[in-house]
Protein chains: 4
Amino acid sequence: MYTHEYQKRVRYGETDQMGYVYYGNYAQYYEIGRVEMLRSLGMTYKSFESEMGIMMPVVSLEARYLRPAKYDDLLTLRTSLRQLPEGLSITFQTEILNEEGKVINAGTVRLCFVDIQSGKTVPPPEALIERLRPHFLKDEE
Amino acid sequence: MYTHEYQKRVRYGETDQMGYVYYGNYAQYYEIGRVEMLRSLGMTYKSFESEMGIMMPVVSLEARYLRPAKYDDLLTLRTSLRQLPEGLSITFQTEILNEEGKVINAGTVRLCFVDIQSGKTVPPPEALIERLRPHFLKDEE
Amino acid sequence: MYTHEYQKRVRYGETDQMGYVYYGNYAQYYEIGRVEMLRSLGMTYKSFESEMGIMMPVVSLEARYLRPAKYDDLLTLRTSLRQLPEGLSITFQTEILNEEGKVINAGTVRLCFVDIQSGKTVPPPEALIERLRPHFLKDEE
Amino acid sequence: MYTHEYQKRVRYGETDQMGYVYYGNYAQYYEIGRVEMLRSLGMTYKSFESEMGIMMPVVSLEARYLRPAKYDDLLTLRTSLRQLPEGLSITFQTEILNEEGKVINAGTVRLCFVDIQSGKTVPPPEALIERLRPHFLKDEE
């Protein structure tokens, strides 16, 4: 398992009139979590598109809303890969914690890899697997 | 089962640089679908908050992304209640169809009912059940 | 002058915890207004990009917030072109009216025309001028 | 003059199919800039609402789009107050710089102060003026 944490402050435009973060905005929080996890591995999602010619559309999303997030909260996005990508997709888990360390939200996002030129689904890029492998070998020791 | 259809055009700000609707924007599409379903029953979600003192936070969301939605597409939001709300929550299913009638996305959103004053979870308002019941009786005939 | 009206309902995700539409969301309302104005002329902005190879980035935006817009309001987007595009840009004015017919917001958006292939600014497409001209000739009569 | 800088990374959901940040998303960037400027002064906008009972709706917005912002850019939000708030409003200027230090966008946002209980416009809170005054005295020396 590889886990990365990143902090995100709740912005005014992300709240709704209930006084909480609008439920649709969590998808963007998950995006931030997984992109920053990739950066922590020394890669950028930007380079997937611009250098490798691969884009990663989302296949499925599951979100559970346990407690509300509120304006100006400094949230922790704890993003994990529980296993190396298998087959043609990759699944990120993101737990969102509030300032008291309580999990307020949990999301699971599955994405696939698509060759931008051909539009075809492809396996995960080898560069990604290489960056991830050491972290999963460690787990097995 | 009660089903309602509503049309929504994809706006430029809803696309991302992949050229498709950003995956986080579907939650708002589901919101539009369920709010317009309530309106078709002669109720407004607005009146839930302003007249009944009840708000409906989202408990969980599941979304499957089958095909991309593109800029300026006129989507059909087909929102269904498969059963009367049981217990303390209500679950809406939304299928999103493109102009060729193909299902491009499917979402399931579960919401609960919270008394705004007390902050406590409450059963669904009787007014809602009354509006829905005739549609479910019909199904059983 | 050419003016077009289009109705837009305020969605929950567009409000903020002040209970009003978030000030950043009006830009999308102006976008809806100008795109639907083009459609009323028999053109789509989509075809500008996909058929004519022209995109229209925004050059400047001015917005005045006169009264708040609230959840579920059915707003009228009244979009006007006060003159034919001159030089290399086009300026749309949008007044937003609430259900009582009061102007709650006024926006001015100036856009230019860019050839997608070359990245260069170009004059407005002749097809657009042709569609607009009759409306401006009428004004002069 | 008081100036504060804050960094903001462009997220995928903020781009549109032109491949740039959607023009409507800059308003949120300006919000981040001014809220973080207040924090740099030892105040939070959150406390304006929750402790002082004052909210700050936007009165007007002006934005100039000079160069596009692109996905994953690490932008600098340089927010300035050019003078102490006079009368009943306050005006923030935000310049947005890209990683090469070029100004890509400039925004001016004027907000007023409203007593949440009465709904009436009020002068800026004394606590804000006190925090700002030393920075403006310095300028005059």
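Just so you know, the residues in each chain are numbered from 1, in the order the chain's sequence is written. Numbering of ligands from 1 and lettering of chains from A proceed in the order in which they are written. Since the coordinates come from a predicted model, pLDDT governs what is reported: local features require at least 70, and pairs of side-chain atoms require 80 or more to be given and counted, while whole-chain, interface and lining totals use all residues.

**Topic: the overall build of chain A**
Point 1. In this description a helix means any DSSP run of H or I spanning at least four residues, a strand means any run of E spanning at least two, and both kinds are numbered starting from the N terminus. Along its length, chain A carries three helices and seven strands.
Point 2. Reading chain A from its N terminus to its C terminus gives the helix and strand order β-α-α-β-β-β-β-β-β-α.
Point 3. The atom set for the radius of gyration is the C-alpha atoms, and the globule formula is 2.2 Å times the number of residues raised to the power 0.38. Taken over the C-alpha trace, chain A has a radius of gyration of 16 Å; the compact-globule value for 141 residues is 14 Å, and the two agree within 12%.
Point 4. Field definition: a residue is buried when 20 or more other C-beta atoms are found within 10 Å of its C-beta, exposed when 12 or fewer are, and partly exposed for counts in between, with C-beta atoms placed from the backbone. The buried share of chain A, reckoned over its 141 residues, is 38%.

**What to know about the relation of the copies chain D and chain B**
Point 1. The fit set for superposing copies consists of C-alpha atoms from residues with pLDDT of at least 70 in both; the fit itself is least squares. The transformation that overlays chain D on chain B combines an axial shift of 0.0 Å with a rotation of 180°, and the residual RMSD is 0.0 Å. These values place the two chain copies in the arrangement generated by a two-fold rotation axis.
Point 2. The residues that chain D uses at the interface reappear at the interface of chain B in 100% of cases, marking a shared surface. Contact between two residues is assigned whenever their backbone-derived C-beta positions fall within 7 Å.

**Here we look at the relation of the copies chain B and chain A**
Each copy of the chain is related to the other by a rotation around an axis and a translation along that axis.
Point 1. The transformation that overlays chain B on chain A combines an axial shift of 0.0 Å with a rotation of 180°, and the residual RMSD is 0.0 Å.
Point 2. Taken together, the interface assignments show that 100% of the residues at the interface of chain B recur at the interface of chain A, consistent with an identical surface on both copies.

**Observations regarding the environment of Y12(C)**
Residue and element names in this part refer to chain C.
Point 1. With respect to the helices, strands and loops of the structure, Y12 is situated in the loop between strand 1 (2–9) and helix 1 (26–40).
Point 2. According to the C-beta neighbour criterion, Y12 is buried, with 21 such atoms within 10 Å.
Point 3. Sequence-wise, Y12 and Q93 are 81 residues apart; in three dimensions their C-alpha atoms are separated by 25 Å.

**Some thoughts on the environment of G13(C)**
Point 1. With respect to the helices and strands, the residue G13(C) is situated in the loop between strand 1 and helix 1.
Point 2. Sequence separation of G13(C) and N25(C) is 12 residues, and the distance between their C-alpha atoms is 9.8 Å.
Point 3. For G13(C), the contacting residues outside a window of four places in its chain are D16(A), Y22(A), G24(A), Q28(B) and E31(B).

**Considering the interface of chain B and chain A**
Point 1. Chain B puts 15 residues into the contact, and the matching count from chain A is 15 residues.
Point 2. Breaking the side of chain B that touches chain A down by element, the ones donating at least two residues are helix 1 (26–40) and strand 3 (58–65) of chain B.
Point 3. In the side of chain B that touches chain A, the residues fall into 10 nonpolar, three polar and two charged.
Point 4. By the bridge criterion, five bridges tie strand 3 (residues 58–65) of chain A to strand 3 of chain B in an arrangement that is antiparallel. Looking across to strand 3 of chain B, one finds that L61(A) is bridged to A63(B). By the convention adopted, Pro, Cys, Tyr, Trp, Phe, Met, Ile, Leu, Val and Ala count as nonpolar, Lys, Arg, Asp and Glu as charged, and the other residues, Gly among them, as polar. Pairing between two strands requires that DSSP report at least two bridges joining them.

**Looking at the interface of chain D and chain B**
Point 1. At the interface, nine residues of chain D touch nine residues of chain B.
Point 2. Class assignment of the residues belonging to the side of chain D that touches chain B gives a composition of three nonpolar, five polar and one charged.

**Considering the pairing of strand 5 (residues 89–97) of chain D**
Residue and element names in this part refer to chain D.
Point 1. Residues I90, F92, T94 and I96 of strand 5 are buried on one face, while the alternating residues S89, T91, Q93, E95 and L97, pointing to the opposite face, are not.
Point 2. Taken together, the five bridges between strand 4 (residues 74–81) and strand 5 define a ladder with antiparallel strand orientation. By the bridge assignment, L77 is partnered in strand 5 with I96.
Point 3. The pairing of strand 5 with strand 6 (residues 103–115) spans nine bridges and is antiparallel. In the sheet register, I96 faces strand 6, and the bridge partner there is N105.
Point 4. Counted along the chain from strand 5 to the antiparallel partner strand 6, the turn is five residues long, and its residue G101 has a positive phi close to 85°.

**What to know about the nonpolar core**
Point 1. In this structure, Y23(C), L61(C), Y23(D) and L61(D) are the most contacted members of the largest nonpolar core, which totals 76 residues.
Point 2. Ignoring anything within four residues of it in the chain, the contact list for Y23(C) reads Y65(C), A27(D), V58(D) and L61(D).
Point 3. Y23(A), I54(A), Y71(A) and V58(B) belong to the second largest nonpolar core, which has 75 residues in total. What we call a nonpolar core is a set of buried Ala, Val, Leu, Ile, Met, Phe, Trp, Tyr and Cys residues whose membership is set by joining through C-beta atoms within 7 Å.

**Re helix 1 of chain B**
Residues and elements named next belong to chain B.
Point 1. The terminal C-alpha atoms of helix 1, which comprises 15 residues, lie 21 Å apart, in line with the 21 Å expected from a rise of 1.5 Å per residue.
Point 2. Of all the 15 residues making up helix 1, 11 are buried; the element is thus mostly covered by neighbouring parts of the structure.
Point 3. Buried within helix 1 are the following residues: Y26, A27, Y29, Y30, E31, I32, G33, R34, V35, M37 and L38.
Point 4. In the stretch just after helix 1, G42 is the one whose phi turns positive, near 90°. How far a helix is expected to stretch is found by multiplying one less than its residue total by 1.5 Å.

**Points about unusual backbone geometry**
All names here are of chain B.
Point 1. For D72, which is not a glycine, the phi torsion comes out positive at approximately 75°.
Point 2. Take D72: it is sitting in the loop between strand 3 and strand 4 (74–81).
Point 3. Given 19 C-beta atoms within a 10 Å radius, D72 is considered partly exposed.

**A closer look at the pairing of strand 6 (residues 103–115) of chain C**
Residues and elements named next belong to chain C.
Point 1. By the bridge criterion, two bridges tie strand 2 (residues 54–55) to strand 6 in an arrangement that is antiparallel. Its bridge partner lying in strand 6, I54 is registered against D115.
Point 2. With seven bridges joining them, strand 3 (residues 58–65) and strand 6 adopt antiparallel strand pairing. From the neighbouring strand, V58 faces strand 6, where its bridge partner is L111.
Point 3. Here strand 6 runs beside strand 7 (residues 121–122); their pairing, made up of two bridges, is antiparallel.

**Topic: the environment of T79(D)**
Residues and elements named next belong to chain D.
Point 1. Position of T79 among the secondary structure elements: in strand 4.
Point 2. Taking the C-alpha atoms as reference points, T79 and E36, 43 residues apart in sequence, are found 8.9 Å from one another.
Point 3. When residues no more than four places from it in sequence are discounted, the contact partners of T79 are T3, H4, G33, R34, M37, F92 and T94.

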